[in-house]
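Inside the fold
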Amino acid sequence: MKENLMDIICCPLDKHDLELDVTERDDEEILAGTLTCTECGETYPIEDGIPNLLPPDMRDEAPA
Amino acid sequence: MTDDATTDGEADGLDPSDQRAAVRDRYGSITTESPSDSCCDTSCSDETTAEADRLGYSDEDVATVDPDAYLGLGCGNPTAIAELNRGEDVLDLGSGGGFDCFLAAQAVGDDGRVVGVDMTPEMVERARETAETTDASNVEFRLGEIEHLPVPDESVDVILSNCVVNLSPDKPQVFREAYRVLRPGGRLAVSDVVLTADLPVDLAADPDSVAACVGGASTVEEIEAMATDAGFVDVAIEPDDDSEAFIREWDDERDLSDYVVAATIEGTRPDAAH
């Protein structure tokens, strides 16, 4: 995901801001890390450059 | 008194989680098959061009976007309906292989941004790979659900969607979410199938039919009501009579154009003054 798109991302549940924690990046591109909701505390993983912002119950339904 | 087994609306549809699973299974497996149901492989670009032409894409559209992004799963060209301007921020609901997002990215230019949301991991992975290889710097793909958009209030100018809303188990919520994320004055530009006749009960209850954009389709009146209830104004739904030709090819056993037609669905979020 791209850092310059952080202003148009939010928690899918309560729509509050997400805090970005980067563990791997390639310039502007964030390859791995987490996004944590500043309100409800739910964390959303970023894996292989893709932020997984599915609601948690759907994330669990997703095939591995 | 019990509800009759009507074939419209959500009442008789599948359980929402079954519906999501059917949709995800279908679209997850498509990414690992050939680029499009009706196309042999990436070498048959003439067929891709002809098919895309029927959906309303120009030859230039097809030529300027990486062929890996085109899966032939749409039913129109929402980027044309939207008449995008330079610098606009665009959100695509159910972005799939990313074709419409890449077209939109060219239209809005470097000052604009495009976000695609899709709930199928294989689709998002594929679209992201294409973005990487084509160096598209103003496009991003996210795993997300269109009923729970990971996008803040009033943050985009245009919403695109191509043959996806019909797949949702909660369409009114999709329209409410679309309205929420649009800036005042922002617009909705959707291609989707609409129901023109009552579906046989076996089709309406069949997960494969729902996943194939038929079983979950709504009528023009239902879509109009959903969009209006969400707050959209200037709602316009235009069936595309020419779509009969390609819809007829969607099923070998029966002519689905007896029941559904492709349509453009437009609406506007009113300006702040109210």
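As the structure is a prediction and not an experimental result, all values here were calculated from the model.

Of the regular secondary structure elements, chain A holds one helix and four strands. Seen in sequence order, chain A has helices and strands lined up from the N terminus as β-β-β-β-α. The C-alpha radius of gyration of chain A comes to 11 Å, within 12% of the 11 Å expected for a compact globule of 64 residues. Its C-alpha atoms put chain A at 30 × 25 × 15 Å along the principal axes. Counting all 64 residues of chain A, 45% fall into the buried class. Taking as baseline every contact in chain A between residues at least 6 positions apart, the subset at least 24 positions apart corresponds to 29%. A total accessible area of about 3200 Å² is found for chain A, and carbon and sulfur atoms account for 42% of it. Considering chain A, the positive charge centre built from 4 side chains and the negative charge centre built from 18 side chains are found 3 Å apart.

What follows deals with the packing of aromatic side chains. All names here are of chain B. This model, assessed by the stated rule, comprises six aromatic pairs over all chains. A centroid spacing of 5.0 Å and a plane angle of 75° characterise the contact between Tyr70 and Phe99, whose relative ring orientation is edge-to-face. In this pair, Tyr70 sits in the loop between α3 (59–64) and α4 (78–82) while Phe99 sits in helix α5 (residues 99–108), placing the two residues 29 residues apart along the sequence. Of the residues examined, Tyr70 reaches a relative accessible area of 6% and is grouped as buried. Classification of Phe99 by relative accessible area gives buried; the value is 6%. Aromatic rings pair up to connect Tyr57, Tyr70 and Phe99 into one cluster. Here Arg26 stacks its cationic end above the ring of Tyr27, 5.5 Å away from the centre of that ring.

Glancing now at the pattern of salt bridges. A full pass over the atoms with the stated rule returns 19 salt bridges over all chains. Asp7 of chain A is the salt-bridge partner of Arg113 of chain B, the closest N and O atoms lying 2.7 Å from each other. Residue Arg113 of chain B is located in strand β2 (residues 113–118), and its partner Asp7 of chain A is located in the segment before β1 (18–26); the two belong to separate chains. Notably, a salt bridge pairs Glu140 of chain B with Arg142 of chain B, separated by 2.9 Å at the nearest N-O pair. In this structure, Glu140 of chain B and Arg142 of chain B share a single accessibility class: buried. Counted as one network, the salt bridges with shared partners bring together Asp7 of chain A together with Asp89, Arg113, Asp157 and Arg183 of chain B.

Analysis parameters
Along each chain, residues carry numbers from 1 onward, in the same order as the chain's sequence is written. As they are written, the chains are lettered A onward and the ligands numbered 1 onward, keeping that order. For a predicted model such as this one, the threshold for reporting local features is a pLDDT of at least 70, and the threshold for listing and counting side-chain atom pairs is 80 or more; totals across whole chains, interfaces and linings nevertheless cover every residue. Only hydrogens and water are set aside; all other atoms, that is, all heavy atoms of the structure, feed into the side-chain values. Under the scheme used here, helices are H or I runs from DSSP no shorter than 4 residues and strands are E runs no shorter than 2 residues, and both carry numbers assigned from the N terminus. The atom set for the radius of gyration is the C-alpha atoms, and the globule formula is 2.2 Å times the number of residues raised to the power 0.38. The rule is simple: take the accessible area with a 1.4 Å probe, protein chains only, and divide by the maximum for that residue type; under 20% is buried, over 50% is exposed, in between is partly exposed. Whether two residues touch is decided by their heavy atoms; if any such pair falls within 4.5 Å, the residues are in contact. In this description, accessible areas are obtained by the Shrake-Rupley approach with a 1.4 Å probe, and a residue is regarded as covered only by the protein chains that are shown. His is not counted, nor are the chain ends, whereas Lys and Arg count as positive and Asp and Glu as negative. All charge positions are set by atom: Lys at NZ, Arg at CZ, Asp at CG, Glu at CD. Here a Phe, Tyr or Trp ring, Trp counted by its six-membered ring, pairs with any other such ring whose centre lies within 6.5 Å, and the pair is stacked when the planes are under 30 degrees apart, edge-to-face when over 60, and tilted otherwise. A ring is considered to have a charge above it if a Lys NZ or an Arg CZ atom is located within 6 Å of its centre and within 35 degrees of its normal. Salt bridge, as applied in this entry: a Lys or Arg side-chain nitrogen positioned within 4 Å of an Asp or Glu carboxyl oxygen.

Without other data, these values stay purely geometric and don't point to any function.
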